[in-house]
Amino acid sequence: MTAIQTGKTETALVEALKTRKALFFVLLDPDSGSPDSVVEAGLLAARHGADALLLGGSFVGNPYFTKIATEIKKQAQIPLILFPGGASQVIPGPDAILFTTLLSGRNPQYLVDEQVKGALLVKGLGMEAIPTAYLLVESGRMTAVEYISNTKPLPSDKPGIAAAHAVAAELLGLRWAYLEAGSGALNPVPPEMVGVVRKASSLKLIVGGGIRTPAQARERVLAGADAIVIGNLFEKEKDPTLFAEFAAAVHLT
Ligand code: 1GP
C-alpha cells in the first residue's frame, strides 16, 4: 500500500497557480435554491472565470444533492469539488473532495469522527482527496458552521494562533488550509491574518466567508491567499459581469 499521492485535480489547481496569482472558487450550497438554479449558478460561474466549483454546506437536506452534482459534472468544464459538512455528504460524481478536518475546533466529531465515517466511502468511490485543514475564524456574529460544529472559532485579532494551527496542519502532512469566516460572515478573514499564516507555512491557502466585493478578494490575494471562495453573494446575484470582475480581481492577470 502506497501513501496517497497528489491527484489529478489538485495537480491541475497547483499548475494553474503558475499562470495566475490565485484561484477563484465558487461555492454552491445545494440548499440555497431549486436544483435547477444551483446548477445554473455553477454553469454560469464556470463560463465566467471560476477555476473550480465547491459543492456542500453545513448541513444538506436536499434530496437532489446527487442530481445537482451529476448535472454540473456533465456540463461544466472546470473541476467540481465536494466540500462536505460531514460524512453523509460524500456522494459519487465530483472530481475530488476537500477532505477536511476542523482543526481550529476541539470537537472530536469534526476533527476525526466524520472523517472516519466517510473514509471508506471516499476510497471505495475512488475519489481524489485533497487533505485540508479547516480553520474557522471569528467573524463578528455566530455563523452556521460555528453553531453546527459546536466549536469555538479562532480569534480574528490573533493571527499567531491561526499560524500555529496551519503549521500543525503542515507537520501532520496536510497540503491545504481553508481560512474560513463562515458563509455570510459579517467580517471576512482579516488580510493581516492571511499574511501571517502565509509566512508561517507553505500550505496552499484558501480564504472565504463574507467576501462581498472584488476589492476585498484582491486584498486577501495580495496578502497571500492561493484561492478565494465566494458563495452567498452569487446565490443572490447571478450576474456574469460580477463573476468576471471577481475572476479578474483574484487572478490578477
Ligand atoms: C463558506 O467560505 C465560504 O464556506 C463562502 O462564504 O458564502 O460568505 O461567500 P460566503
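Since this is a predicted model, take the numbers as computed values, not measurements. (Residues numbered from 1 in each chain as written. Predicted model: local features only at pLDDT ≥ 70, side-chain atom pairs only at ≥ 80, totals over all residues. Heavy atoms only, no water.)

**Student:** So what exactly am I meant to see when it comes to the overall build of the protein chain here?
**Tutor:** Helix and strand counts for the protein chain come out as 10 helices and eight strands. Against the 2.2 N^0.38 benchmark of 18 Å for 253 residues, the protein chain shows a C-alpha radius of gyration of 16 Å, consistent with a compact globule. Based on the C-alpha atoms only, the size of the protein chain along its principal axes is roughly 45 × 40 × 35 Å. Burial statistics for the protein chain: of 253 residues in total, 54% are counted as buried. In the form shown here, the protein chain has an accessible surface area of approximately 11200 Å², with 57% of it arising from carbon and sulfur atoms. (Helix = DSSP H or I, 4+ residues; strand = E, 2+ residues; numbered from the N terminus. Rg over C-alpha atoms; globule rule 2.2 N^0.38 Å. Buried < 20%, exposed > 50% of the residue type's maximum accessible area, 1.4 Å probe, protein only. Areas by Shrake-Rupley, 256 points an atom, 1.4 Å probe, with all protein chains shown as cover.)

**Student:** Explanation requested: the sheet that holds strand 3 (residues 80-82) in the structure shown.
**Tutor:** Read around the barrel, eight strands follow the order 1-2-3-4-5-6-7-8 and close on themselves; strand pairing throughout is parallel. Here the average twist between neighbouring strands, direction ignored, is 30°. In the sheet, strand 4 (residues 96-101) pairs with strand 5 (residues 128-136) via six bridges, with the strands oriented parallel. Following the sheet pairing, Thr100 is matched in strand 5 by Thr132. Contacting strand 1 (23-28) and strand 2 (52-55), helix 2 (residues 35-47) runs over the sheet at an angle of about 175° to strand 1. (Pairing = 2+ DSSP bridges. Axes fitted to C-alpha atoms, helices over the stretch in contact; angles between N-to-C directions. Contact = heavy atoms within 4.5 Å.)

**Student:** Quick question: what am I supposed to make of helix 3 (residues 65-75) here?
**Tutor:** One turn of the α-helix equals 3.6 residues, which is why residues spaced by three or four share an orientation. Restricting attention to buried positions, one finds in helix 3 the residues Phe65, Ile68, Ala69 and Ile72. Summarising the axial view, the buried residues of helix 3 lie within an arc of 95°, below the 170-degree limit, and thus occupy one face. (Arc of directions from axis to C-beta.)

**Student:** Looking at this structure, I do not really get the pattern of salt bridges. What am I missing?
**Tutor:** Two side chains bearing opposite charge may form a pair once their charged atoms approach each other closely. This model, assessed by the stated rule, comprises nine salt bridges. Where Lys18 meets Glu15, a salt bridge forms, and the shortest distance between an N and an O atom there is 3.0 Å. The partner of Asp51 in a salt bridge is Arg20, with the nearest N and O atoms 2.4 Å apart. With Asp51 in the loop between helix 2 and strand 2 and Arg20 in the loop between helix 1 (8-16) and strand 1, the pair connects residues that are 31 residues apart, well separated along the chain. The class for Asp51 is buried, based on a relative accessible area of 11%. Taking the relative accessible area as the measure of exposure, Arg20 reaches 27% and is therefore partly exposed. (Salt bridge = Lys/Arg side-chain N within 4 Å of Asp/Glu carboxyl O.)

**Student:** Please clarify how the pairing of strand 2 should be interpreted in this entry.
**Tutor:** Every regular strand shows the same layout, with side chains that alternate between the two sheet faces. Side chains of strand 2 alternate between two faces, with Ala52 and Leu54 and Leu53 and Leu55 buried alike. Judged from the four bridges that link them, strand 1 and strand 2 form a sheet pairing that is parallel. Bridging from a neighbouring strand, Leu28 pairs with Leu55 of strand 2. Strand direction decides the pairing type here: strand 2 and strand 3, joined by three bridges, are parallel. Within strand 3, the residue paired with Leu55 across the bridge is Leu82.

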